[in-house]
Amino acid sequence: MLRGKRIRLRPAERSDLPHFVRWFSDPEVTRYLSMRFPMSMAREEQWFEDMLKRPQVEHVLCIEVDQDGEWKLIGNCAFHKVDWINSSAEVGISIGEKEYWNQHYGREALAVLVNYGFTELNLHRIWLQVFANNPRGIRAYESIGFRHEGRKREHEYINGEYVDDLIMGVLRHEWQLPDFLR
């Protein structure tokens, strides 16, 4: 289990799947994700089985917050495309419980995960993709040290328009644990 000041990250369990289905069937939640169709429980169960076959470092972690002494599931995050030869990994995050948006829980969870990637997994580069029309996400990533590396122009077709996909990354020698985690 990984911990921040206000969050903890724990491995996803089968019992979390109903939350995932609810989140990933909500167009507001998936607005900035590459998900176009509502999620069924059957599809999510298949995804879960497939995830368990991948290396453990790529298993999804649940983001929980302490709510009056009890842990509440609010989102998830994970490393994807871990490349051990080049010591690189993509990271992804989603806060599914909308009442927890704009409270910096995602930023804290991502910082905890990135710090783990550099200090425990010995990664050299951690990167992500974010839609250019997602200013909240971009600000959060910049605030913990991600830098703009590139742009895939008009890469995604979303709600009737093409949107650029930004590539952001942080290198281990650039990484500094954010003040809010010290």
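The preceding data block contains the structure.
Residues numbered from 1 in each chain as written. Predicted model: local features only at pLDDT ≥ 70, side-chain atom pairs only at ≥ 80, totals over all residues. Heavy atoms only, no water.

(A) Inspection of the packing of aromatic side chains at higher detail. In the structure shown here, the tally under the stated rule is 9 aromatic pairs. Where Y100 meets Y105, the ring centres are 5.7 Å apart and the plane angle is 65 degrees; that geometry is what we call edge-to-face. A relative accessible area of 13% places Y105 in the buried class. Relative to Y162, the ring of Y157 has its centre 4.8 Å away and its plane inclined at 55 degrees; by these criteria the two rings are tilted. Pairwise contacts between aromatic rings join F20, W23, F24, W47 and F48 into one cluster. The cationic tip of R107 hangs over the ring face of F180; the distance from NZ or CZ to the ring centre is 4.0 Å. One residue, R136, lies across the ring of W101, its end atom 4.8 Å from the ring centre. (Phe/Tyr/Trp six-rings, centres within 6.5 Å; stacked < 30°, edge-to-face > 60°. Buried < 20%, exposed > 50% of the residue type's maximum accessible area, 1.4 Å probe, protein only. Lys NZ or Arg CZ within 6 Å of the ring centre and 35° of its normal.)

(B) Seen up close, the pattern of salt bridges. Within this structure, the stated rule accounts for 15 salt bridges. Residues E49 and R14 are paired through a salt bridge, measuring 2.7 Å at the closest nitrogen-oxygen approach. Here R14 lies in the loop between β2 (7-11) and α1 (17-23) and E49 lies in helix α3 (residues 41-53), a separation of 35 residues in the sequence. K98 is the partner of E28 in a salt bridge, and the nearest nitrogen-oxygen pair spans 2.8 Å. Here K98 lies in the loop between β5 (88-95) and α4 (105-119) and E28 lies in helix α2 (residues 27-30), a separation of 70 residues in the sequence. The exposure class assigned to E28 is partly exposed, which follows from its relative accessible area of 49%. (Salt bridge = Lys/Arg side-chain N within 4 Å of Asp/Glu carboxyl O. Helix = DSSP H or I, 4+ residues; strand = E, 2+ residues; numbered from the N terminus.)

(C) Representation of the sheet that holds strand β1 (residues 2-3) in the model. With mixed pairing, the 8 strands of this open sheet are ordered in space as β1-β2-β3-β4-β5-β6-β8-β7. Pairing within the sheet leaves two strands with one partner each, and these edge strands are β1 and β7 (147-158). By the bridge criterion, 7 bridges tie strand β4 (residues 70-83) to β5 in an arrangement that is antiparallel. Within β5, the position partnered with N76 by the bridge is S94. Taken strand by strand, α4 contacts β1, β2, β3 (61-67), β4, β5, β6 (125-131) and β8 (161-171), and its axis lies near 60 degrees from that of β2. (Pairing = 2+ DSSP bridges. Contact = heavy atoms within 4.5 Å. Axes fitted to C-alpha atoms, helices over the stretch in contact; angles between N-to-C directions.)

(D) Region of interest: the environment of E108. Within the secondary structure, E108 sits in helix α4. E108 sits in the buried class, given a relative accessible area of 2%. For E108 and I7, which are 101 residues apart along the polypeptide, the C-alpha to C-alpha distance reads 7.4 Å. What E108 contacts, discounting residues up to four positions off in sequence, is G4, K5, R6, I7, F180 and L181.

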